Amino acid sequence: MEIKRYKIGVCEIEARLPFNINDTFPFSLFRIENLSDNAYVYDYSFTDNINLPDKKPDFEFDNRIVFNENNSDIVFYKKHGGGYFAKRTEFKEGLGGTVEYLNEFKNSLWDKSVLDTVGFEKKAYDLGMIIMHASFIAVGGEGILFTAPRQTGKSTQARLWSKYNNAEIINGDKALVYIKDGRVFASGLPYCGSSNICLNVTVPVKCIVKLGRGENVLKKLSPFSAVKEILNGCYLPFGIENILPAAEKTAGDVPIYKFDCKPDFSAVKTLEKELW
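As the structure is a prediction and not an experimental result, all values here were calculated from the model.

About the cut-offs
Residues numbered from 1 in each chain as written. Predicted model: local features only at pLDDT ≥ 70, side-chain atom pairs only at ≥ 80, totals over all residues. Heavy atoms only, no water. 1 Å grid on protein atoms, 1.4 Å probe; cavity = no way out; pocket = protein on both sides within 12 Å on 5 of 7 lines; lining within 4 Å. Points joined across faces, edges and corners; volume = space filled by probe spheres on them. Helix = DSSP H or I, 4+ residues; strand = E, 2+ residues; numbered from the N terminus. Nonpolar A, V, L, I, M, F, W, Y, C, P; charged D, E, K, R; others polar. Buried < 20%, exposed > 50% of the residue type's maximum accessible area, 1.4 Å probe, protein only. Arc of directions from axis to C-beta. Contact = heavy atoms within 4.5 Å. Phe/Tyr/Trp six-rings, centres within 6.5 Å; stacked < 30°, edge-to-face > 60°. Lys NZ or Arg CZ within 6 Å of the ring centre and 35° of its normal. Axes fitted to C-alpha atoms, helices over the stretch in contact; angles between N-to-C directions. Parallel < 35°, antiparallel > 145°, perpendicular 65-115°, else oblique. Left-handed = near helix turned anticlockwise from the far one by under 90°. Expected span 1.5 Å × (residues − 1). Core = buried A, V, L, I, M, F, W, Y, C linked by side-chain atoms within 4.5 Å. Polar contact = N/O pair within 3.5 Å; in protein donor to acceptor, adjacent residues only side chain to side chain. Salt bridge = Lys/Arg side-chain N within 4 Å of Asp/Glu carboxyl O.

Student: What exactly am I supposed to notice about empty space enclosed by the protein here?
Tutor: Where empty space is left becomes clear once a probe the size of a water molecule has been rolled over the atoms. In this structure the tally under the stated criterion is three cavities of 30 Å³ or more. Taken as a whole, the largest cavity spans an internal volume of roughly 80 Å³. Contributing to the lining of the largest cavity are E121, A124, Y125, M129, I130, I131, Y235, L236, P237, F238, G239 and I243. Those elements that provide at least two residues to the lining of the largest cavity are α2 (120-126) and β9 (130-133). Here the element with the most residues in the lining of the largest cavity is α2; it accounts for three residues. Classifying every residue of the lining of the largest cavity by side-chain character gives ten nonpolar, one polar and one charged.

Right, here's the structure in full:
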């Protein structure tokens, strides 16, 4: 048996596989040796057929179909061209469950498909962690998250801070925001879009900055507006109920700014002056 263990933010996962799969970057950065008692544990097996129950599903999103049973939730993963390549049974009592995988897809199983089929995104949501679409940097042991629509300058501002302020770019596309011991933290994720910048680093959050284009105009948002901006910048396939407390705590404890700015050093200086 091959055992893969991961820790992302406060989420710990163990996958028990019947054969070895190679470590792959950047997922290998999130591998751990030992787990806490709060880890989710999944046993993998392989089968020639995966069939849906003969009833209406309770929930559908992306490539997944969910059925709520008495003692478990059953999630089916669609394959291209029709049919299903995996089935996860999530036990309602305890942490974890089982994953059945089609034999024909056995050779395509790797770290990402493991985290996908154990439902990492749902685990993050259940644990109150917010997956934000942001360029995430660390400066002086604290995190700055730049959020914005695509092609609006998140990566540009992250690179400028790296060039002029020795900031470390933790992730070029995403950040995991959550509350631990009463403080707001951000952690790296093994998903980084096209940026290819991904580190397993956790730091307290200094601020969140919603970027726009224009002259350098920085405005601190009210807590109400800040919550809206946080939710607008995150992944929400499961609703907001579980992550709303973290969004409200973040908006109350961390300054959230609207920053129309230039794509140059002057933007760095404007934000730096406000923060320090």
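Student: Explain helix α6 (residues 265-275) here, please?
Tutor: Each α-helix winds once per 3.6 residues, and so residues spaced three or four apart point in a common direction. Taken together, the buried positions of α6 are A267, V268, L271 and L275. Mapping the buried residues of α6 onto a view down its axis gives an arc of 100°, with all of them on the same face. Considering only its buried residues, α6 is in contact with β11 (142-147), α3 (154-165), β15 (202-213), β16 (217-220) and β17 (256-261).

Student: Help me understand the packing of aromatic side chains in this model?
Tutor: What characterises a pair of aromatic rings is the spacing of the ring centres plus the angle enclosed by the ring planes. Scanning the entire structure with this criterion turns up 16 aromatic pairs. Ring centres of F76 and Y84 lie 6.0 Å apart, and the angle between their planes is 70°; this geometry places the pair in the edge-to-face category. Under the relative-accessibility criterion, F76 is labelled buried at 1%. Note on F85 and Y101: the rings are 5.6 Å apart at their centroids and 70° apart in plane angle, and the pair reads as edge-to-face. Of this pair, F85 sits in strand β7 (residues 84-91) while Y101 sits in strand β8 (residues 96-102), placing them 16 residues apart in sequence. Sitting above the plane of the F238 ring, K122 keeps its charged end 5.9 Å from the centroid.

Student: I tried to follow the layout of surface pockets on my own but got confused; where do I start?
Tutor: In this model, the largest pocket occupies a volume close to 360 Å³. As for the largest pocket, its lining consists of 21 residues, of which D73, R88, E90, K122 and D126 are closest to the centre. Class assignment for the residues of the lining of the largest pocket results in nine nonpolar, four polar and eight charged.

Student: Would you explain the packing of helix α4 (residues 223-232) against helix α5 (residues 244-253) in this entry?
Tutor: Helix-helix packing: each pair is described by the crossing angle between the helix axes and the interaxial distance. At a closest axis distance of 9 Å, the pairing of α4 and α5 adopts a crossing angle of 130°. Our classification of the angle between α4 and α5 gives oblique. The element α4 and its partner α5 pack so that their crossing is right-handed. Of α5, the residues touching α4 (which contributes P223, A226, V227, I230 and L231) are L244, A247, E248, T250 and A251. In terms of residue class, the contact of α4 with α5 is made up of eight nonpolar, one polar and one charged.

Student: How should I be thinking about α3 in this particular structure?
Tutor: Over its twelve residues, α3 extends 16 Å from the first C-alpha to the last, a length consistent with the 16 Å expected when each residue adds 1.5 Å. Every buried residue belonging to α3 is among K154, Q157, A158, L160, W161 and N165, and all of these are buried. Across the axial projection of α3, the buried residues extend over an arc of 160°, all falling on one side.

Student: Honestly, the nonpolar core in this entry has me stumped. Any pointers?
Tutor: Nonpolar side chains tend to gather and get buried jointly when the protein is soluble and globular. Ranked by internal contacts, the top residues of the largest apolar core, which has 64 residues, are Y44, F120, I130, L145 and L176. Formed by 20 residues, the second largest nonpolar core is a distinct cluster that contains W161, Y257, C261 and L275.

Student: What am I meant to see in the packing of α3 against α6 here?
Tutor: Contact geometry for α3 and α6: axes closest at 9 Å, N-to-C directions at 80°. With respect to α6, the axis of α3 lies roughly perpendicular. When α3 is examined against α6, the residues Q157, L160, W161, Y164 and N165 are found in contact with a partner set consisting of F265, A267, V268, L271 and E272. When its residues are assigned to classes, the contact of α3 with α6 shows seven nonpolar, two polar and one charged.

Student: Would you mind showing me how to read the environment of S187 here?
Tutor: For S187, the position within the fold is in strand β14 (residues 183-187). Apart from the residues lying within four places of it in its own chain, the contact partners of S187 are G9, F136, A175, L176, Y178, V201 and T202. Reaching out from S187, the side chain makes a polar contact with the side chain of Y178 at a distance of 2.8 Å. Polar side-chain contacts of S187 include one of 2.5 Å to the side chain of T202.

Student: Looking at this structure, how should I read the pattern of salt bridges?
Tutor: It is possible for side chains of opposite charge to pair when their charged atoms get near one another. On inspection of all chains with the given rule, the structure shows 24 salt bridges. When the shortest N-O distance is used, the salt bridge between K92 and D73 registers 3.8 Å. Within this pair, whereas K92 is found in the loop between β7 and β8, its partner D73 is found in strand β6 (residues 72-78), the two being separated by 19 residues in sequence. Under the relative-accessibility criterion, K92 is labelled partly exposed at 43%. Judged by its relative accessible area of 23%, D73 falls in the partly exposed class. The salt bridge involving K269 is made with E272; its shortest N-O contact spans 2.9 Å. In this pair, K269 and E272 are both assigned in helix α6, three residues apart and thus about one turn of the helix distant. Beyond isolated ion pairs, a larger network of salt bridges with shared partners links R5, E14, R16 and D43.

This is a description of form; function is not addressed.
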